Amino acid sequence: MRTGFLACWPMSLAASLLLSAGSALEAADTVQLVDEESASPVHAAPSAAMLRYSPHAGQKYPTRVYFGDTHHHTSNSGDAFMAGNRMGPEDAYRFARGEEVVSTTGIPAKLSRPLDFLVVSDHAEGLGIMYEVLKGNPALTSDPTLARWAAALKAGGEEAAKAKNELVSAQAQGTLPGPVKDPKIVGPVMKSVWKQYTATAEKYNEPGRFTAIIGYEWTSVPGGNNLHRNVLLRDGKDKADQVFPFSSWQSEDPEKLWAWMDAYEKKTGGRMLAIPHNGNLSNGRMFELADFSGQPLTRDYAERRARWEVLQEIVQTKGASETHPTLSPNDEFAGDLGIAGWEYGNLTLEGKLETPEMRPTMYLRGGLMRGLEQDAKLGVNPFKFGMIGSSDVHTTLTAIEEDNFFGKEVMDEPNPHRWDHVTKEGLGKKRYGWQQLAAGYAAVWATENTREALWDAMQRKEVYGTSGTRMTVRFFGGWDFNATDARGRDIAAAGYAKGVPMGGDLAKAPAGKAPTFLVAAARDPMSGNLDRIQIVKGWLGKDGKAQERIYDVAWGDAERRKRGRNGKVPAVGNTVDVKTATWTNSIGDPELSAVWTDPDFDPSQRAFYYARVLEIPTPRWTNYDAVRFGVKMSPEVPMTQQERAWTSPIWYGPM
């Protein structure tokens, strides 16, 4: 259905804006203000109706969504530097703010639209150290492996890329050369680089216009299994410089990271949160039902994990982590984005190939389902997380628009051959450049564009992730939404007045009622129309096992697209001309909204709900490359895809 809310989003909560000022204001028509100098009346005090006149005055809820990247690497990251990146944090901020820069490979680059915020999250492990290796610091290059890496860095190209993969593998296997982990050798350099970075973040942080959130990546990868977390600070340089980031060189155990974060907060009075990513490359370890040492989860563990890890990254250049076709065989969109190549095995393609038995504890939907099961067992849900997207670029450029994709690594920057470049090889498998996604963004509903407001919105999970589109999505849950709420111009007003936003909780069900959900989306003005809005539900069955189901709740071209006998909405169609990498918005709708009531609700069963919004098919980055470089790619390379967004869940609990 088409509605009229696009032009007036965000909405206002007019019904709750009466400013209480006591009984005197109730008789305001008879009260006069007096000019103190002349002691003569100047105007009548505003009446109660006048005080309510502006629908935006006194508004407390977020009215704007901010788009940014919480996962970004510059030349300060060892693997990025070894892959050829020579651009630092200052370049990252300039590019994110909308300036034109020149990439490491000499290509002019500029975003179509500036970002609202950026987290430069360089690896804590060996921060800035590879530059010292290249310079030939004798304390480092006296080691034969580091001397060989220094030579490879000077040679560049494939030699440097091979050395970079050796570095990543050595990190995973615990075989890094001794000098790079010796705090006496590398400590002073790393601390200096950290303070330079925080100073640069302060320089480019401009509250209200652009936010430079301070953060870093903790890169735990035991045996190649991805357990990485990005750590985000709510604070500025004054607090950040009181510590040096805790790294996986100190411990690969997430509980040790949480303990360090707790110590930081107690020492500085600041705040931190951690965002895990790439569960799809963890070989089942991201949501395993045991702690790092192999012991069963406890209530204490669940409370601490829920406290520190409030978000998960659902999509980035290294694939999508929502679900897998073998886990969700009835989900027609489970395998069409970011699965190919990434399902072979873990991050480094070492140890074991991925198996179906691993998948229930590695993908995010499975993690949410395991969370319901653990909640029933422990009394606390350890996997109660919101969802964002981000990029994990190692080029210093968050350039993840399909027609403006600069790849994950410097070697993946625009060139005619990047699509069939082998990016990783192991266990008899190869990953290719074309399998990278031009993704993604974190979308944050914050009250203003500041470090504090953005961080607070992340903490309360009022966020969603996108595959690179900047569509606007609202999602609310409550008990009393009706169809009128979806048709009105004040969708957000109705949402906040009658329910909770994405990331929230619904309390015990009122007698005889099922939860209602208000969902609305507006397309990115520079991208495709909307295909459909779906609500994904997970619930705990009477047997104690979690189940899932996907509901189509609104879709474009509804007058011609009717549900089939199987209850599913047919495909929207495809207008992409792959010969020219163009499309038309002659299908789908620019806006969709609906109120949906769960038809299968059981008030005794724990459940979660999140919205997934899909665009019509548009050209993929590989299609743009094929046209611009005049190359013919192999048949398995997709030329189109459906961009999408995933909201943070809303949870229901019977207690």
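Residues numbered from 1 in each chain as written. Predicted model: local features only at pLDDT ≥ 70, side-chain atom pairs only at ≥ 80, totals over all residues. Heavy atoms only, no water.

The next thing to look at is the overall build of the protein. Each helix and strand in the protein was counted, giving 17 helices and 30 strands. Scaling as 2.2 N^0.38, a compact globule of 655 residues should have a C-alpha radius of gyration of about 26 Å, and the protein matches this with 26 Å. Expressed along its principal axes, the backbone C-alpha trace of the protein runs to roughly 90 × 75 × 55 Å. Excluding contacts between residues fewer than 6 apart, the proportion of contacts in the protein whose partners are at least 24 apart in sequence is 76%. Summed over its atoms, the accessible surface of the protein is roughly 24900 Å², and 53% of this surface lies on carbon and sulfur atoms. For the protein, the separation between the mean place of its 75 positive charges and that of its 81 negative charges on side chains is 3 Å. (Helix = DSSP H or I, 4+ residues; strand = E, 2+ residues; numbered from the N terminus. Rg over C-alpha atoms; globule rule 2.2 N^0.38 Å. Contact = heavy atoms within 4.5 Å. Areas by Shrake-Rupley, 256 points an atom, 1.4 Å probe, with all protein chains shown as cover. Lys, Arg positive; Asp, Glu negative; His and termini not counted. Charge placed at Lys NZ, Arg CZ, Asp CG, Glu CD.)

Secondary-structure assignment places Glu332 in the loop between strand 11 (319–320) and helix 13 (364–378). The class for Glu332 is partly exposed, based on a relative accessible area of 35%. Separated by 218 residues in sequence, Glu332 and Ile550 place their C-alpha atoms 9.6 Å apart. A polar atom in the side chain of Glu332 sits 3.4 Å from the side chain of Lys568. (Buried < 20%, exposed > 50% of the residue type's maximum accessible area, 1.4 Å probe, protein only. Polar contact = N/O pair within 3.5 Å; in protein donor to acceptor, adjacent residues only side chain to side chain.)

For the structure shown, the criterion picks out four cavities of 30 Å³ or more. Taken as a whole, the largest cavity encloses approximately 90 Å³ of empty space. Surrounding the largest cavity, Leu227, Arg229, Pro254, Arg285, Met286, Glu288, Ala290, Asp291, Phe292, Tyr301 and Arg305 form its lining. Here the lining of the largest cavity is built from residues that sort into six nonpolar, no polar and five charged. (1 Å grid on protein atoms, 1.4 Å probe; cavity = no way out; pocket = protein on both sides within 12 Å on 5 of 7 lines; lining within 4 Å. Points joined across faces, edges and corners; volume = space filled by probe spheres on them. Nonpolar A, V, L, I, M, F, W, Y, C, P; charged D, E, K, R; others polar.)

Quick look at the nonpolar core now. Grouped together as the largest cluster of nonpolar side chains are 124 residues, with contacts concentrated most on Tyr93, Tyr216, Met261, Tyr464 and Phe475. Ranked by residues supplied to this core, first place goes to helix 9 (residues 183–204) with seven residues. With residues near it in sequence (within four places) discarded, Tyr216 still touches Val120, Ser121, Asp122, Ala124, Trp194, Arg229, Asn230, Val231, Pro245, Phe246, Leu257 and Trp260. One finds Tyr66, Leu232, Leu311 and Ile388 within the second-largest nonpolar core, a separate group that totals 19 residues. (Core = buried A, V, L, I, M, F, W, Y, C linked by side-chain atoms within 4.5 Å.)

With 12 residues, helix 7 (residues 144–155) extends 17 Å from end C-alpha to end C-alpha; this agrees with the ideal 16 Å at 1.5 Å per step. A side-chain oxygen of the first residue of helix 7 lies 3.0 Å from the backbone nitrogen of Thr145; this N-cap is Asp143. Among the residues trailing helix 7, Gly156 stands out with phi positive, at a value near 75°. (Expected span 1.5 Å × (residues − 1).)

Time to look at the pattern of salt bridges. Scanning the model with the defined rule gives 48 salt bridges in all. With its nearest N and O atoms 3.3 Å apart, the salt bridge here joins Glu409 to Lys164. A residue pair is termed long-range when its members are at least 10 positions apart, and Glu409 in the loop between strand 14 (404–405) and strand 15 (422–426) and Lys164 in helix 8 (residues 157–173) qualify at 245 residues. Here the two residues Glu409 and Lys164 agree in accessibility, since each one is buried. Where Lys568 meets Glu332, a salt bridge forms, and the shortest distance between an N and an O atom there is 3.4 Å. Pair noted here: Lys568 is in the loop between strand 24 (546–555) and strand 25 (591–597) and Glu332 is in the loop between strand 11 and helix 13, with a separation of 236 residues, a long-range link. Taking the relative accessible area as the measure of exposure, Lys568 reaches 33% and is therefore partly exposed. Among the ionic contacts, a cluster of salt bridges with common partners joins Glu332, Asp531, Arg532, Asp552, Arg561 and Lys568. (Salt bridge = Lys/Arg side-chain N within 4 Å of Asp/Glu carboxyl O.)

Fair warning: the whole summary comes from geometry, so function is off the table for now.
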